[in-house]
Amino acid sequence: MKTYSPLISILVNTNNEKNIIEFLDSYENNAYDSKNFEVIVNIDKDNHKMSELLNDQKKHRSFDLKIIETTGGYFSGHIHNNMMLDKSNPSSYFLTCVGDRMCINTKDWDKIILEYKYKYEDNIYRVKCSSYKYRNYKHYWECCFAPANIVFTTRKWLEICGSWSPCFSHDAFQQCVSFYMFTFDNFNADQVNRDIIDEKLHFEGQIPEPKSDKDQYDRI
């Protein structure tokens, strides 16, 4: 059992063996110091093959790897994310919740993220890294279909929210929180915008995989 105090917590839902191995490899192989981060993985409770795979991975990884097993499926994702948040090490300053295809391609990614630490004295802000990071939201509905889906959020921000999200989905909910922060007083010269845009980090897997007609229908 490792006893590190990681500064970054990475939360990921998966039931894909190939994706999760590539995911873990990308963060470990590109890290400046693997003690800087931990990964919490959520899998289906009855997926014994994934459970065996990840428990074996725990023995070989140089970072803390935690596993939770849940029921409920895709549309219970926000509940699972909150459970992973509860499982995260309280020492972590930044947290991110990403898909299992969102591998990191940037060397020393953890060092880069930690350069943003204490950018605001009150520790309430986010670092946006996704393809939507430059989007200027004009209406809250945009937050629902085009949220920044790769974001490193401070623990203080999430503690104030009380959870990662009370509803599906977490990235849309958090984008709404950010939206209302900088639009609640449009006639004030001092806009409250706590989204920092990162231009150094590069991720794969931001475009959703093609869905079957049934999956597409269920999601609609």
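To start, this report covers the structure provided alongside it.

Rules of the game
Residues numbered from 1 in each chain as written. Predicted model: local features only at pLDDT ≥ 70, side-chain atom pairs only at ≥ 80, totals over all residues. Heavy atoms only, no water. Pairing = 2+ DSSP bridges. Helix = DSSP H or I, 4+ residues; strand = E, 2+ residues; numbered from the N terminus. Axes fitted to C-alpha atoms, helices over the stretch in contact; angles between N-to-C directions. Contact = heavy atoms within 4.5 Å. Buried < 20%, exposed > 50% of the residue type's maximum accessible area, 1.4 Å probe, protein only. Right-handed = clockwise from strand over helix to strand, strands pointing away. Lys, Arg positive; Asp, Glu negative; His and termini not counted. Salt bridge = Lys/Arg side-chain N within 4 Å of Asp/Glu carboxyl O. Polar contact = N/O pair within 3.5 Å; in protein donor to acceptor, adjacent residues only side chain to side chain.

### Re the sheet that holds strand β5 (residues 126-128)
Pairing between the strands of a sheet comes from backbone hydrogen bonds, and it takes one of two forms, parallel or antiparallel.
Inference 1: Strand order in the open sheet formed by seven strands is β3-β2-β1-β4-β6-β5-β7, and the pairing between neighbours is mixed. A strand with exactly one partner marks an edge of an open sheet, and here the two such strands are β3 (64-70) and β7 (195-197). Pairwise comparison of adjacent strand axes, ignoring direction, gives a mean angle of 20° for this sheet.
Inference 2: Relative to the sheet, helix α2 (residues 48-60) contacts β2 (37-44) and β3, its axis offset from that of β3 by approximately 165°.

### A closer look at the pairing of β2
Inference 1: Burial analysis of β2 places seven of its eight residues in the buried class, which makes it a mostly covered element.
Inference 2: Sheet topology note: the strand β1 (residues 8-13)/β2 ladder contains six bridges and is parallel. Across the sheet, the residue bridging to isoleucine 10 is valine 39, located in β2.
Inference 3: Assessed by its sense of winding, the connection that carries the chain from β1 through helix α1 (residues 17-29) to β2 is right-handed.
Inference 4: Summarising the sheet, β2 and β3 pair through seven bridges and their orientation is parallel. Bridge pairing in β3 links valine 39 to leucine 65.

### A closer look at the side chain of lysine 133
Inference 1: Positionally, lysine 133 belongs in the loop between β5 and α5 (140-145).
Inference 2: No salt bridge is formed by the buried lysine 133, whose closest oppositely charged neighbour, aspartate 198, lies at an N-O distance of 5.1 Å.
Inference 3: There is a polar contact of 2.6 Å between the side chain of lysine 133 and the backbone oxygen of aspartate 198.
Inference 4: Excluding residues within four positions of it along the chain, lysine 133 makes contact with Lys128, Ile197, Asp198 and Glu199.

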